[in-house]
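# Summary of the model geometry
Spelled out from the first residue to the last, the chains are:
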Amino acid sequence: MNKMKLLQMLFVTLLPFILGGCDQLGLQTDYGCAGKGYVYHYKDGIRVEPANIEQIKFKLSTYAYKKTFALGQNDILTAHQQQDIALDKSRSTEAEVTYLTDLTDPSSKIRTVSSLVLNLVSGDFRVYHHKWIPPVEWKDSDQYFYTGNCMKLKS
């Protein structure tokens, strides 16, 4: 085996460890986020609780070479704890990143849409989650929407 092949094999072997440790290489950005918004829960077509404006605080981590993000422990943004919400490059720009999932369960017909939009310049964010049976069946649905601002945390 020549030296070039050996170097290639070494690089390919080490690449997952390098990318897995993005936070150690400065390829992770941590934010402290705060905002407000609404949570709605419907059961049998009736809103279970009143729509109150709720304050929210959470830690957000984004990665330079991963298509996902991570949220710190949070009791409200439970859908955003899942890692199937991925970077949507077609909706993202240099100034604003959009993470999105839009799935419909074939057996139950339940559609789930979750997104996180972060403006990298201003720090403004929008978090959205909605679960329902299309086109407009609200009988058993959950949704939340929050807006606010994220500040970069010092590493």
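Refer to the preceding data block for the structure.
Residues numbered from 1 in each chain as written. Predicted model: local features only at pLDDT ≥ 70, side-chain atom pairs only at ≥ 80, totals over all residues. Heavy atoms only, no water.

### As for the state of the cysteines
To be explicit about the condition: The rule for a disulfide is simple: a pair of cysteine sulfur atoms within 2.5 Å. Secondary structure counts use DSSP, requiring at least four H or I residues in a row for a helix and at least two E residues in a row for a strand, with both numbered from the N terminus. Each residue is placed in one exposure class: buried if its accessible area under a 1.4 Å probe, protein chains only, is under 20% of its type's maximum, exposed if it is over 50%, and partly exposed if it falls in between.
Within the structure shown, the criterion is met by 1 disulfide. In this model, Cys 33 is linked to Cys 150 through a disulfide, with the two sulfur atoms separated by 2.1 Å. Residues Cys 33 and Cys 150 are joined by a disulfide whose S-S torsion is about 110°; by sign, that bridge is right-handed. Linking Cys 33 in strand E1 (residues 28–43) with Cys 150 in strand E9 (residues 137–152), this pair joins segments that are 117 residues apart in sequence. Judged on exposure class, the residue Cys 33 and its partner Cys 150 are both buried.

### Details of the side chain of Thr 101
The condition that has to hold: The contact definition used throughout considers only heavy atoms, calling two residues in contact when any of these lie within 4.5 Å.
For Thr 101, the position within the fold is in strand E6 (residues 96–104). Residue Thr 101 is classed as buried on the basis of its relative accessible area, which comes to 9%. Every residue in contact with Thr 101, bar those within four places of it in the chain, is listed here: Asp 84, Ile 85, Thr 112, Val 113 and Ser 114.

### What to know about the nonpolar core
Put simply, the test is: Throughout this description, the term nonpolar core refers to a set of buried Ala, Val, Leu, Ile, Met, Phe, Trp, Tyr and Cys residues connected via side-chain atoms within 4.5 Å.
Phe 58, Leu 60, Leu 77, Phe 125, Val 127 and Tyr 146 are the most contacted members of the largest nonpolar core, which has 20 residues in total. Among the elements of the structure, E1, strand E3 (54–63), strand E4 (69–71), E6, strand E7 (111–119), strand E8 (124–133) and E9 are those that each provide at least two residues to this core. For Leu 77, the contacting residues outside a window of four places in its chain are Ile 56, Phe 58, Leu 71, Val 127, Tyr 144 and Tyr 146.

### Concerning the pattern of salt bridges
What counts, and what does not: One side-chain nitrogen of Lys or Arg within 4 Å of one carboxyl oxygen of Asp or Glu is enough to make a salt bridge.
Counted according to the given criterion, the structure contains 4 salt bridges. Of the charged contacts, one joins Arg 126 and Glu 96 as a salt bridge, the two residues approaching to 3.8 Å between their closest N and O atoms. Remark: Glu 96 occurs in strand E6 and Arg 126 occurs in strand E8; sequence separation between them is 30 residues. On the basis of relative accessible area, Arg 126 is assigned to the partly exposed category, the value being 38%.

### Brief notes about the packing of aromatic side chains
Short version of the rule: Pairing of aromatic rings covers Phe, Tyr and Trp, the last through its six-membered ring, and needs centres within 6.5 Å; plane angles under 30 degrees mean stacked, over 60 mean edge-to-face, and all others mean tilted. We call a charge positioned above a ring when the Lys NZ or Arg CZ atom is no farther than 6 Å from the ring centre and deviates by at most 35 degrees from the ring normal.
Summed over all chains, the structure comprises 4 aromatic pairs. Aromatic pair Tyr 38 and Tyr 40: ring centres 6.1 Å apart, planes at 10°, arrangement stacked. Pairing Phe 69 with Tyr 99 gives two aromatic rings, centres 5.0 Å apart and planes at 70°, and the pair type is edge-to-face. Highlighted residues: Phe 69 in strand E4 and Tyr 99 in strand E6, separated in sequence by 30 residues. Each member of the pair, Phe 69 as well as Tyr 99, is classed as buried. The side chain of Lys 66 reaches across the aromatic face of Tyr 63, ending 4.6 Å from its centre.

### Focus: unusual backbone geometry
The phi dihedral of Lys 109 falls on the positive side, at around 70°, and the residue is not glycine. Relative to the helices and strands, Lys 109 resides in the loop between E6 and E7.

### What to know about the pairing of E7
Rules: Note on pairing: DSSP must find at least two bridges between two strands before they are called paired.
E7 sits mainly inside the fold: 7 of its 9 residues count as buried. Bridging between E6 and E7 involves 9 bridges; their strand directions are antiparallel. Counterpart to Tyr 99 in the pairing with E7 is Leu 116. A loop of 6 residues connects E6 with E7, the two strands running antiparallel in sequence, and Lys 109 in this loop sits at a positive phi of about 70°. Pairing of E7 with E8, which is carried by 8 bridges, proceeds in the antiparallel orientation. By the bridge assignment for E8, Arg 111 is matched with Trp 132. Between the end of E7 and the start of E8, which pair antiparallel, lie 4 residues, with Gly 123 showing a positive phi angle near 85°.

Coordinates in, geometry out; function isn't part of it.
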